[in-house]
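Breakdown of the fold
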Amino acid sequence: MNASGLSSDQLKLQARVRELAAGPVAKRAAEVDRTEQYPWDNVELLKDARLLGMTIPQQYGGQGKNWLDAVLVIEALSAACSVTGRIAVETNMGAISAVMAYGSEEQKKLAADMVLSGDKPAICITEPEAGSDANGMTTRADKKGNRYVVNGRKHWITGGGVSRLHLIFAKVYDEKGNEEGIGGFLAIRDETQGLKITKREPTMGLRGIPEAVIDFEDMELPPSALVIPPRGLKKGFADLMNAYNSQRVGAATVALGIAEGAYELALDWSEKRHQFGRPINEFQGLQWKLADMSIKLRAAQALVYDAARSGEGGFPDMLLAAQAKVFTSENAIQVVNDALQFFGARGYSRELPLERMARDVRMFTIGGGTAEVLRNVVAGALLKKKLPQTRDGWGKA
Ligand SMILES: CC(C)(COP(=O)(O)OP(=O)(O)OC[C@H]1O[C@@H](n2cnc3c(N)ncnc32)[C@H](O)[C@@H]1OP(=O)(O)O)[C@@H](O)C(=O)NCCC(=O)NCCSC(=O)CCS(=O)O
Ligand SMILES: Cc1cc2nc3c(=O)[nH]c(=O)nc-3n(C[C@H](O)[C@H](O)[C@H](O)COP(=O)(O)OP(=O)(O)OC[C@H]3O[C@@H](n4cnc5c(N)ncnc54)[C@H](O)[C@@H]3O)c2cc1C
């Protein structure tokens, strides 16, 4: 055991991925950002290194690794290239984990095969009028004879246009038009009529993965495409969100990795750069910055690892995942910003990775549940109370 309580296998995994990250992944990171092209070369690297679908059980071709193993991989990759880190998130957590936990045999085999062969599934929750209020989604799946007909619009879907497998959250209605709850539908792009990628969002950072608007126009799916969570459609939303806690930990880990990468660059530069005839790390103003940065990173890492460990045999705990994501995302923004400051004008240049890291890391207080909404989740769990956010919610509760 070491300070972070990692096993010797985990330390070996971490060392192996750090090497990969510092080599080819780091080399391509600026290019991925500049060209805004999905890094298929890195997908091949991850596939060859058996880092895609690690959390998939062995019986479906994966390695049955735990959340902390995946976190170590994501953390190391994100220090070099946040986009590649996010690919590791979505091939090990989120949609794939929901299917592997709740899906039918057929669904598990399909999803595992696709991920292990290089597909990063897309999770489709957010809608133009239902972001934080995800439960207010209007995408609907109407049962008509032996099929469902899905209509609606999702936006800001990571991987829209490159992902093939989609897990689409939708309200399910029976033949008579009665709402049954929320379920997740599996659909494959280019094999499913009515699934249309209609716009790419121009993003501030994380530019190597498209964020897209996806329209479902009379998209017909068989009942076998519906992932029914264990407590049925009535509690479908709660169970799907429970699986999503894994991806919240993953998102926090990407932010952590980016900030660690930026911190290492600043630490190194602080020794190399001389002003007033001495290294800039001899100035107390920067020494205290370094100290604060390291404290924030250490605390964030502990929260992330704890949240990952809480998911042993299931999914990470909702409270721990939300706490880890709020703290890590907010502090990572500060750490990257401080790291950039160490470089003076050079930090502001596109020739160094700091400005890219500052753009990339900004996302994590937004995507995956905003920091404000996750504070509501934390407060509700601490108080053991429902904290309805609608005006009439308290009356109903
Ligand atoms: C959950 C919210 C949408 C709030 O909605 P409501 O106030 O309408 O619902 P609640 O009563 O809070 O919750 C309903 C039900 O679900 C259970 N629940 C909710 N969240 C979780 C969770 N994380 N884990 C487990 N269970 C959960 C809750 O306990 C209730 O259960 P009961 O019915 O009482 O049994 C809102 O809080 C929220 O989370 N909004 C954010 C939406 C979000 O995270 N979207 C992410 C989209 S994907 C993405 O952004 C990818 C980016 S990335 O890089 O990863
Ligand atoms: C890069 C990126 C990738 C994403 N990837 C995906 C994806 O793959 N799949 C997917 O489904 N979604 C994805 N999203 C969408 C993301 O989950 C939403 O942006 C997020 O949940 C917030 O929704 P919104 O943008 O509609 O903001 P809104 O909900 O409109 O919020 C606006 C502001 O109001 C605040 N607010 C809202 N409600 C409350 C409240 N009750 N209490 C306090 N403050 C509140 C918010 O915190 C925020 O500051 C992604 C977003 C980004 C930026």
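Cut-offs applied
Residues numbered from 1 in each chain as written. Chains lettered and ligands numbered in written order. Predicted model: local features only at pLDDT ≥ 70, side-chain atom pairs only at ≥ 80, totals over all residues. Heavy atoms only, no water. UniProt positions renumbered as here; feature names shortened; annotations may be inferred. Helix = DSSP H or I, 4+ residues; strand = E, 2+ residues; numbered from the N terminus. Axes fitted to C-alpha atoms, helices over the stretch in contact; angles between N-to-C directions. Parallel < 35°, antiparallel > 145°, perpendicular 65-115°, else oblique. Left-handed = near helix turned anticlockwise from the far one by under 90°. Contact = heavy atoms within 4.5 Å. Near = heavy atom within 4 Å. Polar contact = N/O pair within 3.5 Å; in protein donor to acceptor, adjacent residues only side chain to side chain. Areas by Shrake-Rupley, 256 points an atom, 1.4 Å probe, with all protein chains shown as cover. Nonpolar A, V, L, I, M, F, W, Y, C, P; charged D, E, K, R; others polar. Phe/Tyr/Trp six-rings, centres within 6.5 Å; stacked < 30°, edge-to-face > 60°. Lys NZ or Arg CZ within 6 Å of the ring centre and 35° of its normal. Expected span 1.5 Å × (residues − 1). Buried < 20%, exposed > 50% of the residue type's maximum accessible area, 1.4 Å probe, protein only.

An unreviewed UniProt entry annotates the chain as 3-sulfinopropanoyl-CoA desulfinase of Reyranella soli. Comment text from UniProt for the chain, heading Cofactor (unreviewed entry), reads "FAD". The chain has a UniProt comment under Catalytic activity (unreviewed entry) that states "3-sulfinopropanoyl-CoA + H2O = propanoyl-CoA + sulfite + H(+)".

This part covers the UniProt feature "domain: Acyl-CoA oxidase/dehydrogenase middle" (unreviewed entry) in the chain. UniProt records the feature "domain: Acyl-CoA oxidase/dehydrogenase middle" (unreviewed entry) for residues 122-219 in the present numbering. Between the end C-alpha atoms of residues 122-219 the distance is 17 Å, and the span holds 0% helix and 55% strand.

Here we take up the packing of helix H7 (residues 236-272) against helix H10 (residues 354-361). At a minimum axis separation of 10 Å, H7 and H10 run at an interaxial angle of 155°. For the element pair H7 / H10, the angle class is roughly antiparallel. When you trace H7 past H10, the crossing you get is left-handed. Contacts between H7 and H10 involve Ala-255, Ile-258, Gly-261, Ala-262 and Leu-265 from the first element and Leu-354, Met-357, Asp-360 and Val-361 from the second.

This part is about the site of ligand 2. Taken together, 20 residues are adjacent to ligand 2, and Thr-126, Ser-132, Trp-156, Thr-370 and Glu-372 come closest. Taking Thr-126, its side chain carries an N or O atom lying 2.7 Å from a nitrogen atom of ligand 2. Here a nitrogen atom of ligand 2 sits 3.2 Å away from a polar atom, N or O, in the side chain of Asn-376. Burial of ligand 2 by the protein amounts to 67% of the accessible area it has alone, namely 970 Å². Sorting the residues of the shell around ligand 2 by element identifies strand S1 (122-124), strand S3 (147-158) and helix H11 (371-383) as the ones contributing at least two each. Partitioned by chemical class, the residues of the shell around ligand 2 number 8 nonpolar, 9 polar and 3 charged.

Applying the stated criterion across every chain yields a total of 6 aromatic pairs. With 4.6 Å between their ring centres and 70° between their planes, Tyr-38 and Trp-40 make a pair best called edge-to-face. Joined through ring pairs, the aromatic side chains of Trp-67, Tyr-102 and Phe-315 make up one cluster. In this structure, Lys-143 packs its charged tip against the face of Tyr-148, placed 5.7 Å from the ring centre.

We now examine helix H3 (residues 67-80). Note that an α-helix has 3.6 residues per turn; residues three or four places apart therefore point the same way. Taking 1.5 Å of rise per residue, the 14 residues of H3 would be expected to cover 20 Å, and the 21 Å separating its terminal C-alpha atoms lies within 8% of that figure. With 13 of its 14 residues buried, H3 lies for the most part within the structure. N-capping of H3 is provided by Asn-66, with a side-chain oxygen placed 3.1 Å from the backbone N of Leu-68.

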